[in-house]
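Residue strings, one per chain:
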Amino acid sequence: MNKIVIGMFGLALLGQANLALAQKEAKVDPTYRFTATKLNDLVHTKLDVRFDYAKRYLYGKAWITLKPHFYSTDSLTLDAKGMDIHSVAMVGAKTNKTLKFTYDKEKLRIDLGMKFDKNEKYTVYIDYTAKPNELTIKGSAAITDAKGLYFINPDGTEKGKPTQIWTQGETEASSAWFPTIDKPNQKTTSEISMTVLSKYVTLSNGKLVSQKTNQNGTRTDTWKMDQPHSPYLFMMAVGDFRITKDTYKGKELSYYLEPKYAPYAKAIFGKTPRMVSFFSQVTGVDYPWNKYAQIVVRDYVSGAMENTTATLHGESVQGTDRELLDGDRESTIAHELFHQWFGDYVTAESWSNITVNESFAAFSEIIWKQHDMGVDAADRVRYEKLNTYLASTKNGESPILVRFNYNDKEDVFDNISYPKGAVILYALKNQMGDDAFFSSLNRYLTTNAYKNGEAHQLRLAFEDVTGRDWTSYFNQWYYAGGHPILEVKYGYKDGHATIDVKQVQSENVQTFTLPLKVQLIVGNQRINQQIVINSREQQFSFPVAQAPDLIDLDVDKILVGEIRDNKTLDQYILQYTKAPSYANRIKAVQQAALKNKEEAAQRLLMLALADKDDAIRVLAIKGFNMKDEKTKEMVAATLLRLAKEDKNSGVRATALSRLAMTGDKAYLATAQQALKDRSYKVIGTAVQAINMLDPTGVNAVLAGLDIDTKDHIASQLASVYAGLGDDRYNDFYLNIINTADINKLASVVGLYASYLGKNTNPKITQSGVQAIIFNMDRTKLTAYYGQQFVALFKASADAKQKAAETASGTEKDNLLKQAEYFSAGSVEMGKK
């Protein structure tokens, strides 16, 4: 599972980035979350389904083969959410025998009519109707809905949106469309037959073994999986898709896309064969399934889902060649593919142990990037993951990675299981060495193939391969929470370089044991040392002839935590040039940006404008104070060149934006020229730049943009319109607000609120506030930003109330009405 990515006010956040603190501070249910008890084991699941688009129903027949796990049993309990159960029978050699059952809309309890012993198989037949749209099951921040089966535009009434059907099983939503034991520690082979309109394409797990044309304009496709997998990994998809095919060692790799995006299938997914080869190599387990398909659907409720042999992606992964200029979703593609080993081939036995699925998938993004683009690119991914985790914590406190206590199973899909878990794995790889690490992964996978795993089994695999006891590492990072915050002071006294370290994380957080590498740079000499930090306060001393120019603590940047040190600006500059790891470079540039009035800082920022990494170039550009004339004179020519020539669209856009901030109309021609750039990001920035440099000319620019471009720069247009506040732009916002998914809504809704604050029409205020509240609820965005909008609406109400004090007549009446609507919206949002 790859989580939703949310952006708002120009800030990009992982779906759970602002939730870890809330989880930590909320009272956690002390109930111990046991791994589900196995009374019966699934063996084989055969489904025959057809769809009622008008009613949003699935009519299903299920043949479920099981056996007692160990103890004899005469009963069976299945998960079946919100269904109509028409009949239940025991399948016999000649005829079926009707069985007695009770059903409470969640659990189907069946009296088997006789006792079955261990290893004695039996098959139950169930005729049922699934009604997913009538379920009231809530989703979560990571997975925004949990009804299992989704009808997208089933009546064909939504213009521009295809009619589709797809499923989402994780965590336990497969039982909303077929009866099963919906737990991750169950494994079953499967056969799924789908009867669909002949014009549609289908996809499911395993191999397409038959297609039967029916006389009523439908076709029945049957997909078969001969290897066992967990029920939450079952999937179906139906719709108008074009299929592009690749291969890996004779196995089919296929990409299912809407017709518009089919020509770009190889641009989107083209690295998949290399990824399969690389992951097969590093795990020592050749891709274990008979095919691998990737399909992109509309209105998906999360980021992506690693269904066995058939990953389902949300629409953000697809793009035209122009759209891909502004960024791809390669990390998501790698993440979901690695799940075919860690998650599907070996599956977490419980949601408490989701780290053995998700941490590995997040870790795969790092190792793939290194394989494909080199060490520096991988170090950037590591740095970003670490800081995504850190941003969601306070005082070093965070939940435990393996959590046997939680309020809801969905809670574990967070920044602990994903980015923190990934960097913990990378640090372990660094400690034991690549060969030992990947050999251990092979041991874990082969020992538990087609079965379930947990963190202890992972530890045992590491110990079996290395001959070392890794209990302390797992106790520290897997079974205890938080991270270290190191307060560090560097010194030199009596011929010794010193490092004073204090662990200043909260007293509620453990004291960590941290083996780290240190490098002392003295002139042209580099002195490497190993230290172990294992108490709250320590000093390390190294004999050296003169004071080091720089001490680089944690050379490999494996610390899963924070360092706060006393480096000077000169030392940060030296760090950038003499110890140029990605983390060292970006931290040096951050410090230079904070001290951008100093000439030395400006020289470092100038140097960083040519950094090999685009994120560091962007950071350097933003570090200059372009309102200062001397700074502008020094850097403007370089920014102008970057705005025109840099290979990265984000750098070009940022450089143009900073030039526009000067207010110098000399850059208007550059902004106008940027309207011809192929990158939508650059074009959007150009519109904003023109609005800043020549506001009177922006309407002509807007009128000259084609519909396709306007659709792609909605957030930038929203920014421009917010400053204008004109009534005529309200429909632009509403067209987005009322139809957007969570990501697109997040990129615009804050700007719409700003627009409403600028606008003077009470009717627009009233309808706009209600549209924001309704659609934030619809997309679950309230969970992220509800409190911000409580404050935002209140501030707007106060501003309108204050403006009314000096107004009169109709203007005053309108302002008071607007204040009333904003105030009511604040109260209503506060109740969410």
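Values in this document were obtained by computation on a predicted structure and should not be read as measured data. Once a new chain begins, its residue numbering starts again from 1 and follows that chain's sequence as written. In view of the model being predicted, local features appear only for residues whose pLDDT reaches at least 70, and side-chain atom pairs are presented and counted only at 80 or more, with totals across whole chains, interfaces and linings using the full set of residues. No hydrogens and no water enter the side-chain calculation; it runs on all heavy atoms of the structure.

1. A short note on the pattern of salt bridges
Part 1: What counts as a salt bridge is simple: a side-chain nitrogen of Lys or Arg found within 4 Å of a carboxyl oxygen of Asp or Glu. This structure, assessed with the given rule, holds 42 salt bridges.
Part 2: Across the salt bridge formed by Asp664 and Lys632, the nearest N and O atoms sit 2.7 Å from each other. Taken together, the residues Asp664 in the loop between helix H16 (649-661) and helix H17 (668-674) and Lys632 in helix H15 (residues 629-645) connect sequence positions 32 residues apart.
Part 3: Here the residues in one salt-bridge network are Lys271, Arg274, Glu330 and Asp372, joined through shared partners. Runs of E in the DSSP output that reach at least two residues are strands. Runs of H or I that reach at least four are helices, and both are numbered from the N terminus.

2. Some points on the packing of aromatic side chains
Part 1: Each Phe, Tyr or Trp ring, with Trp reduced to its six-membered ring, pairs with another whose centre is within 6.5 Å; inter-plane angles below 30 degrees give stacked pairs, above 60 give edge-to-face pairs, and intermediate values give tilted ones. All told, the structure shown has 47 aromatic pairs when counted by the stated rule.
Part 2: The rings of Phe278, Phe279, Tyr287, Tyr292, Phe338, Trp341, Phe342, Phe360, Trp368 and Tyr444 are connected pair by pair, giving a single aromatic cluster.
Part 3: Across the ring face of Trp63, the terminal group of Lys46 is positioned such that the distance to the ring centre comes to 5.1 Å.
Part 4: Above the face of the Tyr426 ring, Lys429 is positioned so that its terminal group lies 4.5 Å from the ring centre. Cation placement over rings: the criterion is NZ of Lys or CZ of Arg within 6 Å of the ring centroid and within 35° of the ring normal.

3. A few points about the sheet that holds strand E28 (residues 525-533)
Part 1: Strand pairing is assigned whenever DSSP identifies at least 2 bridges connecting the two strands. Judged by pairing direction, the sheet is antiparallel, and its three strands sit side by side in the order E28-E27-E30 without closing on themselves. Two strands in the sheet have a free side with no partner beyond their single neighbour: E28 and strand E30 (550-553). Across this sheet, the average inter-strand angle for adjacent strands is 20°, counted without regard to direction.
Part 2: The sheet contact formed by strand E27 (residues 514-522) and E30 spans four bridges and is antiparallel. Directly across from Leu520, in E30, lies its bridge partner Ile551. Fitted lines through C-alpha atoms serve as axes, helices being fitted only where they are in contact, and the angles separating the N-to-C directions of these axes extend from 0 to 180 degrees.

4. A short note on the pairing of strand E17 (residues 236-239)
Two faces make up the sheet, and in a regular strand the side chains alternate between them.
Part 1: Residues Met236 and Val238 point to one face of E17 and Ala237 and Gly239 to the other, with burial holding for every one of them.
Part 2: Both strand E12 (residues 164-167) and E17 contribute to a ladder of three bridges, which runs antiparallel. Note that in E17 the partner of Ile165 across the bridge is Val238.
Part 3: Relative to E17, strand E14 (residues 201-204) is paired through four bridges, and the arrangement is antiparallel. Looking across to E17, one finds that Ser204 is bridged to Met236. Accessible area is worked out with a 1.4 Å probe on protein chains only. A residue is then buried under 20% of its type maximum, exposed over 50%, and partly exposed in between.

5. What about the packing of helix H22 (residues 730-737) against helix H23 (residues 742-758)?
Part 1: Close contact between H22 and H23 brings their axes to 10 Å; oriented N to C, the two are set at 150°. Classified by the angle their axes make, H22 and H23 are roughly antiparallel. Our pair here, H22 against H23, has a crossing hand that is left-handed. Packed against H22, whose contacting residues are Asn730, Tyr733, Leu734, Ile736 and Ile737, the element H23 presents Lys744, Leu745, Val748, Val749, Leu751, Tyr752, Tyr755 and Leu756 at the interface.
Part 2: In the scheme used here, Gly and all other residues not listed as nonpolar or charged are polar, with Ala, Val, Leu, Ile, Met, Phe, Trp, Tyr, Cys and Pro taken as nonpolar and Asp, Glu, Lys and Arg as charged. Of the residues assigned to the contact of H22 with H23, the class counts are eleven nonpolar, one polar and one charged. An angle counts as roughly parallel when it lies under 35 degrees, as roughly antiparallel when it exceeds 145, as roughly perpendicular when it falls between 65 and 115, and as oblique in every other case. The sense of a crossing depends on the near helix, which, turned anticlockwise from the far helix by less than a right angle, makes the crossing left-handed and, turned clockwise, makes it right-handed. The contact definition used throughout considers only heavy atoms, calling two residues in contact when any of these lie within 4.5 Å.

6. Side note on the nonpolar core
Part 1: We call a set of buried residues a nonpolar core when its members are Ala, Val, Leu, Ile, Met, Phe, Trp, Tyr or Cys and they connect through side-chain atoms within 4.5 Å of each other. With 93 residues, the main nonpolar core has Phe279, Trp341, Phe363, Phe437, Phe462, Tyr478 and Ile499 as its most contacted residues.
Part 2: Aside from chain neighbours lying at most four places away, what touches Trp341 is Val276, Phe279, Ser280, Thr283, Val285, Asp286, Tyr287, Pro288, Val346 and Leu445.
Part 3: Formed by 89 residues, the second largest nonpolar core is a distinct cluster that contains Tyr582, Ile683, Leu781 and Val790.

7. Details of helix H4 (residues 330-338)
Part 1: Judged by how many residues are buried, H4 sits mostly within the fold: eight of nine residues are covered.
Part 2: Burial in H4 covers these residues: Glu330, Thr332, Ile333, Ala334, His335, Glu336, Leu337 and Phe338.

8. Concerning the confidence of the model for the chain
Part 1: Per-residue confidence from the predictor is reported as pLDDT, which spans 0 to 100. Confidence along the chain averages 95 in pLDDT terms, with 96% of residues attaining 70 or more.
Part 2: Note on residues 6-24: pLDDT under 50 across the span, and 57 contacts to partners over four residues away in sequence or across chains.

9. Points about unusual backbone geometry
Glycine aside, residues mostly have negative phi, and peptide bonds are mostly found in the trans state.
Part 1: With an omega dihedral of 10°, the bond running from Glu170 to Thr171 counts as a cis peptide bond.
Part 2: Assignment of secondary structure puts Thr171 in the loop between E12 and strand E13 (188-197).
Part 3: Even without a glycine there, the phi angle at Arg56 is positive, about 60°.
Part 4: Looking at where Arg56 falls in the secondary structure, it is placed in the loop between strand E3 (40-52) and strand E4 (57-68).
Part 5: Looking at Arg56, the relative accessible area reads 18%, which means it is buried.
Part 6: Positive phi is not limited to glycine here, since Asn119 has a value of about 70°.
Part 7: Relative to the elements of secondary structure, Asn119 occurs in the loop between strand E9 (107-116) and strand E10 (122-130).
Part 8: Taking the relative accessible area as the measure of exposure, Asn119 reaches 53% and is therefore exposed.

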